[in-house]
Structures are given as structure tokens and as C-alpha cells.
Amino acid sequence: METVIKVEGMMCTHCKARVEKVCSQVPGCTGAVADLNAKTVTVSGSVDVEAVKKAIADAGYEVVG
């Protein structure tokens, strides 16, 4: 299952890597790919979406949707 989450605040490849890292650490995540241009992260696996959103927010980024 894939879930797309809108994320504000990603400005560079470091931000992209940070968001991918925190998402991939959520239990059940099998992959996370951030897109700087679209301002999204696509998370794969059977994850708790709220846990992913919390991980992103805790890393200093704003979850939009």
C-alpha cells in the first residue's frame, strides 16, 4: 500500500533525505520517497499514517495533508 503525504519545508536534498529517513523508521514502512518539486513523500508498506505524519512533524517539517 502506498500513501502520499504533502510536506512543507523541504528545501534541499538534505531535507529530502531527512524526511525519507524518519518515514522509513516508522514500523511497517517498506520504503519512502520524497519529491522536492511536488512537496510530497510517498510511503510504502502497512504503516500507521498518523505515526508517519508525527515523525515528519517531529523532524521539523509541516505536514499539509
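Coordinates for the structure precede this section.
Cut-offs and rules
- Residues numbered from 1 in each chain as written.
- Predicted model: local features only at pLDDT ≥ 70, side-chain atom pairs only at ≥ 80, totals over all residues.
- Heavy atoms only, no water.
- Pairing = 2+ DSSP bridges.
- Helix = DSSP H or I, 4+ residues; strand = E, 2+ residues; numbered from the N terminus.
- Contact = heavy atoms within 4.5 Å.
- Axes fitted to C-alpha atoms, helices over the stretch in contact; angles between N-to-C directions.
- Salt bridge = Lys/Arg side-chain N within 4 Å of Asp/Glu carboxyl O.
- Buried < 20%, exposed > 50% of the residue type's maximum accessible area, 1.4 Å probe, protein only.

K.L.:
Before we move on, can you summarise the sheet that holds strand 4 (residues 62-63) with the specific residues and values?
P.N.:
Read across the open sheet, the 4 strands follow the order 2-3-1-4; overall the sheet is antiparallel. Taken across any chain shown, the strands that pair with only one partner, and hence form the sheet edges, are strand 2 (29-35) and strand 4. Across 2 bridges, the pairing between strand 1 (residues 2-8) and strand 4 is antiparallel. Across the sheet, V7 pairs through a bridge with V63, a residue of strand 4. The strands that helix 1 (residues 13-24) touches are strand 2 and strand 3 (40-45); relative to strand 2, the one it contacts most, it runs at about 160°. Helix 2 (residues 49-58) rests against strand 1, strand 3 and strand 4 of the sheet, and its axis sits at about 25° to strand 1.

K.L.:
Could you give an account of the pattern of salt bridges, naming the residues involved and the relevant values?
P.N.:
This model, assessed by the stated rule, comprises 4 salt bridges. For E50, the salt bridge goes to K53, with nearest N and O atoms at 4.0 Å. Linking E50 with K53, this pair stays in helix 2, spanning 3 residues, or about one helical turn. E50 sits in the exposed class, given a relative accessible area of 53%. The exposure class assigned to K53 is partly exposed, which follows from its relative accessible area of 23%. A salt bridge links K54 to D58; the nearest nitrogen and oxygen atoms lie 2.7 Å apart. Of the two residues, K54 and D58 are both situated in helix 2; the distance of 4 residues between them amounts to about one turn of the helix. Overall, K54 belongs to the exposed group, its relative accessible area being 51%.

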